[in-house]
Amino acid sequence: METVFGFIYSIFGYVLEFIYNLFKNTPAPYVISLIVFTVITRILLMPTSIPQQKNQAKQFRIQPKLQKLQQKFGNDRQKLSEEQQKLYQREGYNPMAAGCGPMLISLPLLWGVYGAITRPISYVLRFKEEVTAFLADKEVVKVFETLSTNKRSSYYKELMVLNQLKDSSSKLSAKVSAYFSTSQIDQMNNFAQGFTLFGIDLTQTPSIKQFSVLWIIPVLAGLTSFLTAFYSNRMQKKFNPIMAQGSNAMSQGCMMAFMPLFSIYLCFTVPAGVGFYWVISNVFAFFQTVLLSNLYAPPKVAAKNMISDIINKCAYEKSIKDRKKLVK
């Protein structure tokens, strides 16, 4: 499994390395590279969101029929459910469509992004063999045990190394020279300098117990996540009010509250660099949602589908008439 993940991480590491080299002479090369990298990966993921948007258009199209079924069988939940399933079959609508498929497509991309960001020494600077040997050192393992602030810290050891390199008196910094050459250490130091954004060291992890400037990352993560969830919920109520009622409304409300809280919690448990990626990803996700909501607005898509159906029906009827004439 490590080999599979390593391959995916390596591909995205090459991409991030290429972008980093383009901006390495800028004031905050890694930060700028991370923004560009995030935008590129989100653009790659955008096609997986289009089927979901089109699926909403199908919901919009069958909405009047669903309303009639609710009026007719509103008191009989079982009968209503049966009739809804029949309606879905007649209309060729699948409530689960565009659910698992896009997710399965996007997962490898998300894994690649995650690996390239959290393991930059291995997959961006390409010192994988040295890192493996370094992290296997028993003394280094003990040092990490004292530095770890939570269970997830073990996943961000390379970012912790970059952070510790800035302190020449740290135990990790002293051990680095035994496994990395002087040239490699210089490259890591230069790379670590690019993790600073407006004085914020993105290799550090925000602490919920101690207020600091790093708190801006979890706060922004929560706000941007809420913005996307709120807009999506608003569009759902506007174009598909039936699906935004009852248990669905409660579910959407819970998700709108859960995602911002989860984003805040997550960004308090990971280095700020990972949290910064989460913020940028949320911002792009919001604009993507707005764009797709306008390009594939359910009324527009439903109208196009209706016109297409009429054209196909007319063509079919014409072909039948032509066949009858030939028979005569």
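See the structure printed just above.
Residues numbered from 1 in each chain as written. Predicted model: local features only at pLDDT ≥ 70, side-chain atom pairs only at ≥ 80, totals over all residues. Heavy atoms only, no water.

> What am I meant to see in helix 9 (residues 157–165) here?
Since there are 3.6 residues in each turn of an α-helix, residues three or four apart along the chain are aligned in direction. Across the nine residues that make up helix 9, a large majority, eight, are buried. Within helix 9, burial applies to Glu158, Leu159, Met160, Val161, Leu162, Asn163, Gln164 and Leu165. (Buried < 20%, exposed > 50% of the residue type's maximum accessible area, 1.4 Å probe, protein only. Helix = DSSP H or I, 4+ residues; strand = E, 2+ residues; numbered from the N terminus.)

> Explain the packing of aromatic side chains here, please?
Each aromatic ring pair is described using two quantities: the centre-to-centre distance and the angle formed by the ring planes. Inspection of the entire model under this criterion finds 14 aromatic pairs. An angle of 75° between the planes, with centres 5.8 Å apart, marks the rings of Tyr231 and Phe286 as edge-to-face. Taken together, the residues Tyr231 in helix 12 (residues 216–239) and Phe286 in helix 14 (residues 272–295) connect sequence positions 55 residues apart. For the pair shown, Tyr231 and Phe286 are each scored as buried. Measuring from centroid to centroid gives 5.8 Å for Phe258 and Phe262, while their planes differ by 20°, and the two rings are stacked. In this pair, Phe258 and Phe262 both sit in helix 13 (residues 246–267), four residues apart, roughly one turn of the helix. Classification of Phe258 as partly exposed rests on a relative accessible area of 47%. Exposure remark for Phe262: the relative accessible area of 30% places this residue in the partly exposed category. Feature note: the residues Phe127, Phe134, Tyr179 and Phe180 constitute an aromatic cluster, connected by ring pairs. For Arg126, the ring lying beneath its charged end belongs to Tyr14, and the centroid distance is 3.3 Å. (Phe/Tyr/Trp six-rings, centres within 6.5 Å; stacked < 30°, edge-to-face > 60°. Lys NZ or Arg CZ within 6 Å of the ring centre and 35° of its normal.)

> Got a minute to help me understand a nonpolar patch on the surface in this structure?
On the surface, Ile216, Val219, Leu220 and Leu223 cluster together into a nonpolar patch covering about 340 Å² of accessible area. Its place among the elements puts Leu220 in helix 12. The class of Leu220 is partly exposed, set by a relative accessible area of 35%. (Patch = residues over 30% accessible without salt bridge, like charges linked within 9 Å, V, L, I, M, F, W, Y side chains within 5 Å. Areas by Shrake-Rupley, 256 points an atom, 1.4 Å probe, with all protein chains shown as cover. Salt bridge = Lys/Arg side-chain N within 4 Å of Asp/Glu carboxyl O.)

What is shown is where atoms sit, not what they do.
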